[in-house]
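Here are the chains, one letter per residue:
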Amino acid sequence: MKIALIVGARPQFIKLAPLYFAIRQEGLTPIIIHTGQHYSPAMNELFFHQLGLPDPDHNLNIQGGSHSQMVGRMLKTLEPALTTTAPDWVVVFGDTNSTLAGALAAKQAGLRLAHVEAGLRAGRTDMPEELNRVVADRVSDLLFCPTLKAAMHLKQEGLEGKARIVGDIMLDAFRIFSAQKSAPVFPLPERFILATVHREENTLREKLEGIVEGLNRLHQQECPVVLPAHPRIRRAISRFGLKPIFALEEPVGYLQMLFLLNRCQMVATDSGGLQKEAFFAEKPCIVLRPETEWEELVEAAAALIVGSSAERIFSSYHAAKDRKVPSIPLFGNGYAAEKIIHFLRENTPE
Ligand code: UD1
Ligand code: UDP
């Protein structure tokens, strides 16, 4: 059985790794198709290298552009890649533009499609990720849900027949790679808040100003802040002339991220993946967005929604820092990849 795995952005390389290795382990054939959405070495090659992934079988080299330009170029180049590969299944991950293009291209080519991390909803229509995940769910043949709540969302949309709860594949990655965690090259303070920011809405001047000011105040008055910066945030900070006084570092590899998660006091992020990893590492998390698609983390009192106001970011520190993150299996048992393969097999005609 041949399984085409379409990826393009940093979190997708991390989600890809456990599934790729499990497919190989089962004696099946994985084909990696990389759209090229993320292309800077620190956002791309670093992950393939650290996670022990081979070079992609196809690299479409889409680099930057508006959402529509990106998706359009991906569709055009995915068609021949999928046609020559002729897989039994196409798998897409998460909610990026690569997810949307991969899902559309697979169905337009008449192929069977599965969506990993299906059923998430932030309840907003003005967010590119929400559009991407809703469309991917709508057109997929199998919907692999990380949580019970995700499956409930799909039920509300009449998609329960295609849904399978398998747990979160990021927990597989966390389980597999935690033993290899390694320190970043930059020096670390004894105690620190681990921060990341990259969402499109947080590159708006007013929001980014609030976040930088909030993190500056935390850094100065409460606890040092370490922020490995996505290239678009670094650019926006310089474009708006903002003056972070905390450590603004280059993006780090996944193994360094696991080290930072293990050592930090708390996480402050607008990342979907990092919110969950904070929970896996039993660290409290403040969410630099007005909402989250991982509501179960808020309900478990592991994450606190804070948004981008400097005042709220600063004042949330005391409410969040001593929270005891519960050790409960919200995201399955760390073996989602094996379950995904089981259901792909079960749903493939002889
Ligand atoms: C994308 C996803 C987001 C995901 C994130 C993971 C969409 C709509 N958004 O957001 O859901 O959380 O990836 O990190 O797909 N850039 C570089 N080098 C790179 C990648 C990006 O310089 O390797 C810069 C470019 O200026 C680019 C900008 O960052 O235009 C934004 O990149 P893009 O892929 O559009 O969005 P992300 O914020 O990375
Ligand atoms: N990550 C990383 N290095 C960084 C920042 C993030 O390895 O400098 C990892 C992080 O640990 C998580 C994933 O990238 O596994 C999350 O990706 P991102 O925040 O870019 O996207 P999102 O999860 O919000 O879609």
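The numbers attached to residues start from 1 for each chain and follow its sequence in the written order. To read the labels, note that chains go from A and ligands from 1, taken in the order they are written. Confidence filtering applies because this is a predicted model: local features only for residues at pLDDT of at least 70, side-chain atom pairs given and counted only at 80 or more, and all residues used for totals across whole chains, interfaces and linings. Remark: hydrogens and water are excluded; side-chain values derive from all non-hydrogen atoms of the structure.

(A) Expanded view of the packing of aromatic side chains. For Phe, Tyr and Trp, where Trp contributes only its six-membered ring, two rings pair if their centres lie within 6.5 Å, and the inter-plane angle classes them as stacked under 30 degrees, edge-to-face over 60, or tilted in between. Inspection of every chain in the model, using the stated rule, returns eight aromatic pairs. Ring plane angle 80° and centroid distance 5.8 Å describe the contact between Phe280 and Phe331, whose orientation is recorded as edge-to-face. Of this pair, Phe280 sits in helix 11 (residues 272-280) while Phe331 is found in the loop between helix 13 (310-321) and helix 14 (336-346), placing the two residues 51 residues apart along the sequence. Buried residues are those whose accessible area, probed at 1.4 Å on protein chains only, stays under 20% of the maximum for their type, while exposed residues exceed 50% and partly exposed ones sit between those limits. The class of Phe280 is buried, set by a relative accessible area of 12%. Numbering of helices and strands runs from the N terminus; a helix is a DSSP stretch of H or I covering at least four residues, while a strand is a stretch of E covering at least two.

(B) View of the nonpolar core. Working definition of a nonpolar core: buried Ala, Val, Leu, Ile, Met, Phe, Trp, Tyr and Cys residues. They are joined through side-chain atoms within 4.5 Å. By size, the foremost hydrophobic cluster in this structure holds 72 residues, and its most contacted members are Leu5, Leu16, Leu19, Val91, Phe144, Tyr254 and Leu344. Only heavy atoms matter for contacts: two residues are in contact if any of them lie within 4.5 Å across the pair. Contact partners of Tyr254, with chain neighbours within four places excluded, come to Ile14, Phe47, Gln50, Leu51, Met170, Ala173, Phe174, Phe177 and Glu277. Counting 28 residues, the second largest nonpolar core, distinct from the first, contains Ala195, Leu242, Leu288 and Tyr317.

(C) Inspection of the pattern of salt bridges at higher detail. Between Lys or Arg on one side and Asp or Glu on the other, a salt bridge is scored when a side-chain nitrogen of the former is within 4 Å of a carboxyl oxygen of the latter. Applying the stated criterion across every chain, the model contains 22 salt bridges. The salt bridge involving Arg345 is made with Glu26; its shortest N-O contact spans 2.6 Å. Here the residue Arg345 occupies a position in helix 14, and Glu26 occupies one in the loop between helix 1 (10-25) and strand 2 (29-34), the gap between them amounting to 319 residues. For Glu26, a relative accessible area of 38% translates into the label partly exposed. Between Arg205 and Glu209 there is a salt bridge, with the nearest N and O atoms lying 3.1 Å from each other. Taken together, the residues Arg205 and Glu209, both in helix 8 (residues 205-221) and four residues apart, mark about one turn of the helix. Given a relative accessible area of 44%, Arg205 falls into the partly exposed group.

(D) Quick look at the site of ligand 2. In the vicinity of ligand 2 lie 18 residues, with Val252, Ser271, Gly272, Gly273 and Glu277 positioned nearest. Pairs of N or O atoms are called polar contacts if they sit within 3.5 Å, as long as, within protein, a hydrogen donor faces a hydrogen acceptor (for residues adjacent in sequence, only side-chain-to-side-chain pairs). At a separation of 3.5 Å, an oxygen atom of ligand 2 approaches a polar side-chain atom of His198. Arg199 has a polar side-chain atom sitting 2.9 Å from an oxygen atom of ligand 2. Broken down by secondary-structure element, the contributors of at least two residues to the shell around ligand 2 are helix 1, helix 10 (254-263) and helix 11. Looking at which element gives the most residues to the shell around ligand 2, the answer is helix 11, with four residues. Near is defined per residue: the residue qualifies when any heavy atom it owns lies within 4 Å of the molecule or strand.

(E) Looking closely at the sheet that holds strand 8 (residues 193-196). With parallel pairing, the six strands of this open sheet are ordered in space as 10-9-8-11-12-13. If you trace the sheet from one side to the other, it starts and ends with strand 10 (247-249) and strand 13 (303-305), each paired once. Taking the axes of each pair of neighbouring strands and ignoring which way they run, one obtains an average angle of 20° across the sheet. Strand pairing is assigned whenever DSSP detects at least two bridges linking the two strands. As defined by bridge partners, strand 12 (residues 285-287) adjoins strand 13 across three bridges and the pair is classed as parallel. Within strand 13, the residue paired with Ile286 across the bridge is Leu304. In this fold helix 11 packs onto strand 8, strand 11 (266-269) and strand 12, with an angle of close to 170° to the strand it touches most, strand 11. Angles run from 0 to 180 degrees between N-to-C directions of axes, and those axes are lines fitted to C-alpha atoms, restricted for helices to the stretch in contact.

(F) Highlighting a nonpolar patch on the surface. Exposure above 30% relative accessible area and the lack of any salt bridge qualify a residue for a patch; like charges then connect within 9 Å, and the nonpolar side chains Val, Leu, Ile, Met, Phe, Trp and Tyr within 5 Å. Under the convention used here, a 1.4 Å probe and the Shrake-Rupley method define accessible areas, while residue burial counts only the protein chains that appear. A cluster of nonpolar residues, Leu148, Met152 and Ile165, forms a patch on the protein surface that exposes about 300 Å² of accessible area. Owing to a relative accessible area of 44%, Ile165 belongs among the partly exposed residues under this scheme.

(G) Region of the structure containing the site of ligand 1. In the vicinity of ligand 1 there are 20 residues, among which His38, Ser40, Glu129, Arg232 and Arg235 approach most closely. The contact in question runs from a nitrogen atom of ligand 1 to an N or O atom on the side chain of Ser40, over 2.7 Å. One nitrogen or oxygen atom from the side chain of Glu129 is found 2.7 Å from an oxygen atom belonging to ligand 1. Expressed as a share of its isolated accessible area of 740 Å², the protein-covered part of ligand 1 is 91%. Of all the secondary structure elements, the ones that give two or more residues to the shell around ligand 1 are helix 3 (67-85), helix 5 (128-139) and helix 9 (231-239). Broken down by element, the shell around ligand 1 gets its largest block of residues, three residues, from helix 9. Within the shell around ligand 1, the residues separate by chemical class into seven nonpolar, eight polar and five charged. Gly is put with the polar residues, along with every residue not named as nonpolar or charged; the nonpolar set is Ala, Val, Leu, Ile, Met, Phe, Trp, Tyr, Cys and Pro, and the charged set is Asp, Glu, Lys and Arg.

(H) A look at the side chain of Arg133. When you line up the elements, Arg133 lands in helix 5. Reaching out from Arg133, the side chain makes a polar contact with the side chain of Asp95 at a distance of 2.8 Å. Sequence-distant contacts of Arg133, that is, excluding residues within four places in its chain, are made with Asp95, His115, Leu120, Arg121, Ala122, Met127 and Glu293.

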